[in-house]
Amino acid sequence: MKGFGQYMIFLGSLVVRRESFKTYYRLVMEESVLIGVKSIGLVALVATFIGAVTTVQTAYNLVSPLIPRYMIANVVREMTVLELAPTIMAIIYAGKVGSSMAGGLGTMRITEQIDALEVMGINSASYLVLPKIVASLLMYPLLVIVAGACALFGGYLVATISGMVTPTDYAYGLRFYFDSYAITFALIKSFVFAFLISSISSFKGYFTQGGALEVGIATTAAVTASIIAVLLSDYLLAQLLYVR
Amino acid sequence: MIKIKNISKSFNGKAVIQEISGEFDKGKTNLIIGSSGTGKSVLLKCIVGLITPNEGNVFYDLRNFTEADKELKSEIRREIGMLFQGGALFDSKNVEHNVMFPLDILTKMHPDEKLDRVNFCLQRVGLENVNKKMPSEISGGMKKRVGIARAIVNNPNYLFCDEPNSGLDPQTSILIDDLIGEITHEFDITTIVVTHDMNSVMGIGEKILFLYKGRKLWEGSNTDIVHSGLSELDDFVFSNKVMQGLKGKPQ
Ligand SMILES: Nc1ncnc2c1ncn2[C@@H]1O[C@H](COP(=O)(O)OP(=O)(O)OP(=O)(O)O)[C@@H](O)[C@H]1O
Ligand SMILES: [Mg+2]
């Protein structure tokens, strides 16, 4: 609970005593490029495989002659767009981007780089962390969109190559009873996850104390805490927003 | 001139420094010495405002820094340069951008003007043709020099150095010490150096404050440190073999 209070104070400190808009703009762009370039390959790869595996699994289990084959694509769509793309990607994002945020800030803390910023009169929390959070809010939803598309494409590939579903049926299944609210929901989730992962990881890294060992501990703690927060909020958001 | 008055700081109820007062003169290298864990770094951090003392005040040329409002604080901060123990260079920036950073943040200088100033400072600390190197590509001694260049780039009135020569070989240590001394005299800066190295004390200690278990025990210069008559100070001063040779000599 004390940690939660500190986290709230930390979030508050991000928005006071800021630098110029120009400075932030440049930092946000730098971070965005870093985050986007660093994650897109892995995200695309993982999403494609998740889509493929989901398709194969669904096809295995939907063997009743009463269920049309296009329902496979339909199930794949429902699962990946709403759940797998935003949530599984969040776990990957926490491992890849969150850990590097925590590690980077932790190293800056123990090598006194953060003190050096403070001596110059810069609000180091805001200068270092705000751009990371804003860049995450910009990039993570885009990554989720890419992930969703890759997953559906991965499913399409295995479905058609193996002959489980014809391309026409797959396309029909994807569009069958499509509710665009799923996309809205997925994007709301991705904004929430992006904020949680970037802020929690930064928080853990920023308050590192000690040496290299503690940076490693902070990094692990950042990933663990981010994933727990993501899963909890996933559940809460499902309760709040899943209205049909 | 920097004046400190009755500075005390405790962490979790444990007093680290207690009621330290003193004056650090302009144009001189002022040293804070003492053995490990006596609170030298904490005192220095209290002076630059990285740690808020529980009690006491810090004055920068009669301006009360501890109780200053936001404007005055940032005005004073603009006049401060600090060299950290490990250099504290920003890993993601090359040498040139590290040194330029305070100018980017604190001034509205033209880019060409900034580059000239950066090159002047790098030259002053004896570094050339390293502008584009990353901090990970240069040696510890070079990092310290870049750190000094960054500390002096915005023409500070106050220069702080935490253990400027820890982890360096004796020769490089002397070079760094001399550099700090020269810069202090050349630009008439109030310099405070934290050290536990007796070579630095004898080399550049124009004014020395000796801390012992969180309290100020002695104040003086490197000429009278060897005959202070204080056993705690003697233990510190003559812990070194070369210095022990000095002890026996008649004064
Ligand atoms: N942020 C902190 N929280 C709790 N205790 C601290 C903190 N910073 C310093 N201390 C304690 O204050 C005491 C003095 O530390 P300080 O770093 O000032 O020593 P020092 O004189 O600089 O030693 P050294 O020569 O080894 O650098 C130590 O016992 C240290 O554990
Ligand atoms: Mg120290």
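Placed above this text is the structure.
Values in this document were obtained by computation on a predicted structure and should not be read as measured data. (Residues numbered from 1 in each chain as written. Chains lettered and ligands numbered in written order. Predicted model: local features only at pLDDT ≥ 70, side-chain atom pairs only at ≥ 80, totals over all residues. Heavy atoms only, no water.)

Caption draft 1: Spatial organisation of the pairing of strand β1 (residues 2–11) of chain B. Residue and element names in this part refer to chain B. Where β1 and strand β2 (residues 14–24) come together, 7 bridges link them in antiparallel fashion. Bridge pairing in β2 places I7 opposite I20. One ladder, built from 5 bridges, connects β1 with strand β4 (residues 55–60); its direction is antiparallel. Across the sheet, the residue bridging to S8 is E55, located in β4. (Pairing = 2+ DSSP bridges. Helix = DSSP H or I, 4+ residues; strand = E, 2+ residues; numbered from the N terminus.)

Caption draft 2: Geometry of the sheet that holds β2 of chain B. All names here are of chain B. If you trace the 4 strands from one edge of the open sheet to the other, you get β2-β1-β4-β5, paired in antiparallel fashion. The open sheet terminates on both sides in strands that have one partner only, identified here as β2 and β5 (63–64). The pairing of β4 with β5 spans 2 bridges and is classified as antiparallel. Bridge pairing links Y60 to R63 in β5. Along the sheet, helix α1 (residues 40–48) makes contact with β1, β2 and β4, crossing β1 at roughly 120°. (Contact = heavy atoms within 4.5 Å. Axes fitted to C-alpha atoms, helices over the stretch in contact; angles between N-to-C directions.)

Caption draft 3: Local environment of the side chain of S200 of chain B. Residues and elements named next belong to chain B. Residue placement: S200 occurs in helix α7 (residues 198–204). A distance of 2.8 Å separates polar atoms of two side chains, one belonging to S200 and the other to D177. Excluding residues within four positions of it along the chain, S200 makes contact with L31, N165, D177, T195 and G205. (Polar contact = N/O pair within 3.5 Å; in protein donor to acceptor, adjacent residues only side chain to side chain.)

Caption draft 4: A look at the environment of I174 of chain B. Residue and element names in this part refer to chain B. Within the secondary structure, I174 is located in helix α6 (residues 170–187). For I174, a relative accessible area of 47% gives the class partly exposed. Sequence separation between I174 and V194 is 20 residues; the distance between their C-alpha atoms is 15 Å. (Buried < 20%, exposed > 50% of the residue type's maximum accessible area, 1.4 Å probe, protein only.)

Caption draft 5: Expanded view of the packing of helix α7 (residues 181–206) of chain A against helix α8 (residues 212–241) of chain A. Residue and element names in this part refer to chain A. Here α7 crosses α8 at 150°, and the two axes come no closer than 9 Å. Here α7 lies roughly antiparallel to α8, going by the angle between them. The handedness of the crossing between α7 and α8 comes out as right-handed. Listed contacts from α8 to Y181, F185, I188, K189, V192, F193, L196, I197, I200, S201 and K204 of α7 are A218, A221, A222, A225, S226, A229, V230, S233, D234, L237, A238 and L241. Grouping the amino acids of the contact of α7 with α8 by side-chain chemistry returns 17 nonpolar, 3 polar and 3 charged. (Parallel < 35°, antiparallel > 145°, perpendicular 65-115°, else oblique. Left-handed = near helix turned anticlockwise from the far one by under 90°. Nonpolar A, V, L, I, M, F, W, Y, C, P; charged D, E, K, R; others polar.)

Caption draft 6: Spatial organisation of the interface of chain A and chain B. Contacts between the two partners involve 16 residues from chain A and, on the opposite side, 20 residues from chain B. The largest per-residue losses of area from chain A upon contact with chain B belong to E112, V119 and M120 of chain A, which jointly make up 44% of the total buried on that side. The interface formed by chain A and chain B contains 1 salt bridge. A salt bridge links D115 of chain A to K45 of chain B, with the nearest nitrogen and oxygen atoms 3.8 Å apart. The interface formed by chain A and chain B includes 5 residue pairs in polar contact (both at pLDDT 80 or more). Broken down by secondary-structure element, the contributors of at least two residues to the side of chain A that touches chain B are α3 (70–110) and α4 (113–119) of chain A. (Buried area = accessible area lost by both parts, 1.4 Å probe. Salt bridge = Lys/Arg side-chain N within 4 Å of Asp/Glu carboxyl O.)

Caption draft 7: Spotlight on the site of ligand 1. All names here are of chain B. Near ligand 1 you find F11, V16, S35, S36, G37, T38, G39, K40, S41, V42, E163 and H196, and these make up its full shell. Between an oxygen atom of ligand 1 and a side-chain N or O atom of S41, the distance comes to 2.7 Å. H196 places a polar side-chain atom, nitrogen or oxygen, 3.4 Å from an oxygen atom of ligand 1. Protein coverage of the free-state accessible area of ligand 1, which is 630 Å², stands at 62%. Examining the composition of the shell around ligand 1, we find that 3 residues originate from one element, α1, more than from any other. When its residues are assigned to classes, the shell around ligand 1 shows 3 nonpolar, 7 polar and 2 charged. (Near = heavy atom within 4 Å. Areas by Shrake-Rupley, 256 points an atom, 1.4 Å probe, with all protein chains shown as cover.)

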